[in-house]
Amino acid sequence: MTRVMKEFKLRVFRYDPEKDAQHHYQTWTVDYREGMTVLEALLWVFEKKDPSLAFRYSCREAICGSCAMYISGRYALACKVQVKDALEGDTVTVSPLPHMRVIKDLVVDQTKFWENYARVKPWLINDDPAPERERLQSPEDRARYNMEIDCILCGSCFASCPSGVTNEEYLGPHALVWAARFFRDSRDKGDRERLEIVANEYGVFRCHTVFNCVEACPKHLNPTESIQELKKAAMAYKLGLIK
Amino acid sequence: MAKVDSASNRPVRNYGDLNPRYFRTGMWSFVLHRISGIAISVFLLLHIWEITSVVRGGAEGFTSQMASMAAKLWVVGEWLLFLALTFHGINGIRLILLDLGWGVHEHKRGFWTVFVISAIIIAVGSYFFVMRFLAYPWAR
């Protein structure tokens, strides 16, 4: 586009539980600035047009995972996506993360997301007496879960997964990524415990390899890779091949 | 707008991502796999109805049943079944390979491989369906 953009339309999902029975979309014309992010545009509306607009954000640098939203057909962090990359014509459409209950405007109820995360016991399980200093790990063993530890728990994958649309009991890609993170950790002794949790119809076997989580992840992780590794281990475990 | 009590019990959610416009390759193969699976199940029911004509009318009943189905409409149905079986079968192989851990990092290439192989088989097979379609009458 050779023409310099002066302004664009920001179309936002609105829902106020105290006033509305259903959601609607509201559109504002926003002054554009080179390099403007979608989060900046939301803040522009919040400051200049409508202070009742509700949305989550914190760090503004794609590491806290608070501002995950559904932006012009993509699951994304509002602070990371620039307006120029999210335009559909002259409009950027911002909706809350899909399938999760909307509390207000762009804020969704993350209860199930965090409950499912806790279900896989996302902490180191090792009852051996602690050594004098730390539990050592070779650089090679440490590198085995390089991918999983980059997860910022933003909720994009959980909201994108069609297996979770009708069933929030499904652990979801984020929880399975964290199960794999400890499953791959040489210091962790909770393999059997975690396989019990993930080797059922609400765990790895509900993953239909749709790859929406891979498309959605703003940190470019591959949750399907983690899930498929757990799936193979879960099969071996259920067949009695591993103790 | 006043809050409607009965409606307010139903939580508001955003289902905007179920719009096919925003489907990516994985979502298309997921949806097509399910649609073709249902189509194949419907065929199985029809197939049971068709072959049990021998129970209802003996050898004669079976023969007349088969004869009545040598018509253009059924050829179209068979062709749709051929599309569903081809895609479902080849995509099924991809899903099995994925579950064995293959191609997890190349999911788009996997989809397009299934797409191209299915398209070639469908293109070749469709020739025979066109020949049958032209040879059969509209109804008997």
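Refer to the structure presented above.
Here we summarise the structure given alongside this text. (Residues numbered from 1 in each chain as written. Chains lettered and ligands numbered in written order. Predicted model: local features only at pLDDT ≥ 70, side-chain atom pairs only at ≥ 80, totals over all residues. Heavy atoms only, no water.)

Regarding the interface of chain A and chain B
So the rule is basically this: Contact criterion: two residues are considered in contact whenever any of their non-hydrogen atoms come within 4.5 Å of each other. Two parts placed together each lose some accessible area under a 1.4 Å probe, and the buried area is that loss summed for both. The term salt bridge refers to a side-chain nitrogen of Lys or Arg lying within 4 Å of a carboxyl oxygen of Asp or Glu. Whenever a nitrogen or oxygen atom comes within 3.5 Å of another N or O atom, the pair is scored as a polar contact, on the condition that within protein one atom can donate a hydrogen and the other can accept it, and that pairs from neighbouring residues in sequence are kept only if both atoms are in side chains.
Opposite the 41 residues of chain A that make contact, chain B presents 30 residues. Summing both partners gives a buried area of about 2900 Å² for chain A against chain B, and 55% of it is carried by carbon and sulfur. Between the two partners, chain A and chain B, sit four salt bridges. Here B:Arg13 ties to A:Glu168 by a salt bridge, and the two come within 3.7 Å at their closest N and O atoms. Taken together, the connections running from chain A to chain B amount to 16 residue pairs in polar contact (both at pLDDT 80 or more).

Considerations on the nonpolar core
Formally: Nonpolar cores are built from buried Ala, Val, Leu, Ile, Met, Phe, Trp, Tyr and Cys residues. Side-chain atoms within 4.5 Å join them into one set. Here the term buried applies to any residue with accessible area under 20% of the maximum for its type, exposed to any over 50%, and partly exposed to those in between, with areas from a 1.4 Å probe on protein chains only. For helices the rule is a DSSP run of H or I covering at least 4 residues; for strands it is a run of E covering at least 2, with both sets numbered from the N terminus onward.
Counting residues in each nonpolar core, the largest one holds 72 residues, and the members touching the most others are A:Phe8, A:Leu10 and A:Leu42. The leading source of residues in this core is helix α6 (residues 173-183) of chain A, at eight residues. Those residues in contact with A:Leu10, other than ones at most four positions away along the chain, are A:Gln26, A:Thr27, A:Trp28, A:Val30, A:Ala41, A:Leu42, A:Val45, A:Val92 and A:Val94. Among the nonpolar cores identified, the runner-up in size contains seven residues, and A:Cys157, A:Phe211, A:Val214 and B:Val104 belong to it.

A few points about the side chain of A:Asp105
All names here are of chain A. Within the secondary structure, Asp105 is located in the loop between β6 (102-104) and β7 (107-108). Accessibility expressed as a relative area gives 1% for Asp105, which makes it buried. Separated by 3.1 Å, the side chains of Asp105 and Arg14 make a polar contact. Among the polar contacts made by the side chain of Asp105, one reaches the main-chain amide nitrogen of Ala54 at a distance of 2.9 Å.

Digging into the pairing of strand β5 (residues 91-95) of chain A
All names here are of chain A. Defined as follows: Here a strand pair is declared whenever DSSP counts at least two bridges between the two strands.
Most of β5 is tucked away: five of the five residues are buried. Because side chains alternate across β5, one face comprises the buried residues Thr91, Thr93 and Ser95, and the other comprises Val92 and Val94, equally buried. Note that strand β1 (residues 7-14) and β5 share four bridges and pair parallel. Looking at β5, one finds that Arg11 is bridged to Thr93. As paired strands, strand β3 (residues 68-71) and β5 are joined by two bridges and run antiparallel to one another.

Examining the pairing of β1(A)
Where β1(A) and strand β2 (residues 24-31) of chain A come together, eight bridges link them in antiparallel fashion. Each residue of the ladder has a partner; that of A:Phe8, found in β2(A), is A:Val30.

Some words on the packing of aromatic side chains
Residues and elements named next belong to chain A. What counts here: By convention, a stacked pair of Phe, Tyr or Trp rings (six-membered ring in the case of Trp) has centres within 6.5 Å and planes under 30 degrees apart, an edge-to-face pair has planes over 60 apart, and any other such pair is tilted.
By the definition in use, this model includes 18 aromatic pairs over all chains. Taken together, a centroid distance of 5.8 Å and an interplanar angle of 75° make the contact between Trp114 and Tyr117 edge-to-face. With Trp114 and Tyr117 both in helix α3 (residues 111-119) and three residues apart, the pair spans about one turn of that helix. Trp114 sits in the partly exposed class, given a relative accessible area of 36%.

Some remarks on the state of the cysteines
Residues and elements named next belong to chain A. In plain terms, the rule: In what follows, a disulfide is any cysteine sulfur pair within 2.5 Å.
Across all of its chains, the model carries zero disulfides over all chains by this definition. Not part of a disulfide, Cys64 finds its nearest cysteine sulfur in Cys59, a span of 3.7 Å. Take Cys64: its relative accessible area is 29%, and that puts it in the partly exposed class. Free of any disulfide, Cys154 has its nearest neighbouring cysteine sulfur in Cys217, separated by 6.4 Å.

Structural notes on the pattern of salt bridges
This model, assessed by the stated rule, comprises 25 salt bridges over all chains. Notably, a salt bridge pairs A:Glu169 with A:Lys112, separated by 3.2 Å at the nearest N-O pair. Taken together, the residues span a long stretch of sequence, with A:Glu169 in the loop between α5 (156-160) and α6 and A:Lys112 in helix α3 at a distance of 57 residues. Under the relative-accessibility criterion, A:Glu169 is labelled partly exposed at 34%. For the salt bridge of B:Glu78 with B:Arg132, the shortest nitrogen-to-oxygen distance reads 2.2 Å. Of this pair, B:Glu78 sits in helix α4 (residues 72-99) while B:Arg132 sits in helix α5 (residues 107-135), and the two are 54 residues apart along the sequence.

Notes on the sheet that holds β2(A)
Residues and elements named next belong to chain A. Stated precisely, the cut-off is as follows: Interaxial angle, 0 to 180 degrees, is taken between N-to-C directions of lines fitted to C-alpha atoms, where a helix line uses only the stretch in contact.
Read across the open sheet, the five strands follow the order β2-β1-β5-β3-β4; overall the sheet is mixed. Only two strands of the sheet have a single neighbouring strand rather than two, namely β2 and β4 (74-77). Between one strand and the next, the sheet's axes are offset by a mean angle of 35°, whatever the strand orientation. Taken together, the four bridges between β3 and β4 define a ladder with antiparallel strand orientation. If you follow Met69 over to β4, its bridge partner there is Ala76. Contacts between helix α1 (residues 38-48) and the sheet are confined to β1, β2, β3 and β5, with β2 contributing the most and set at about 95° to the helix.

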